[in-house]
Amino acid sequence: RRAVVAEVYDAMDAVADLAVTSLERADRTKASKTMLAFLLTYPMGKKRRKHHLGQLLRGLDYAYEEGRCAALDSLAAALRALPARDVEDHADAFFAA
């Protein structure tokens, strides 16, 4: 049984930021894997999922190359792992980026 509370979503906002902005590669990798697990398993509506996927997309504009590459890796992993229905629901955002 999962506790569904708003604070988890807020915490994952910080984790998504770490997946791009952390100075340590290992930390970026852990944050990315945590974010992917969250997207795949935690219950959320379309609007909430769009918000979290949008965070990964915004990482593509990060100032430093390491962060942009990490965001791209996270996004690629999410696209491979998410159900096709979810990818199709947000396809316009993916291709606009």
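The structure this text deals with has already been given above.
These notes cover the structure that comes with them. (Residues numbered from 1 in each chain as written. Predicted model: local features only at pLDDT ≥ 70, side-chain atom pairs only at ≥ 80, totals over all residues. Heavy atoms only, no water.)

### Quick look at the packing of helix H1 (residues 6-21) against helix H2 (residues 25-41)
Phase 1 of the analysis: It is the contact of H1 with H2, at a shortest axis distance of 8 Å, that shows an interaxial angle of 140°. Regarding the angle of H1 to H2, the classification is oblique. As H1 runs across H2, the sense of the crossing is left-handed. Judged by residue contacts, Val-8, Tyr-9, Met-12, Val-15, Ala-16, Leu-18, Ala-19 and Val-20 of H1 engage Arg-28, Ala-31, Ser-32, Thr-34, Met-35 and Phe-38 from H2.
Phase 2 of the analysis: Split by residue class, the contact of H1 with H2 holds 11 nonpolar, two polar and one charged. (Axes fitted to C-alpha atoms, helices over the stretch in contact; angles between N-to-C directions. Helix = DSSP H or I, 4+ residues; strand = E, 2+ residues; numbered from the N terminus. Parallel < 35°, antiparallel > 145°, perpendicular 65-115°, else oblique. Left-handed = near helix turned anticlockwise from the far one by under 90°. Contact = heavy atoms within 4.5 Å. Nonpolar A, V, L, I, M, F, W, Y, C, P; charged D, E, K, R; others polar.)

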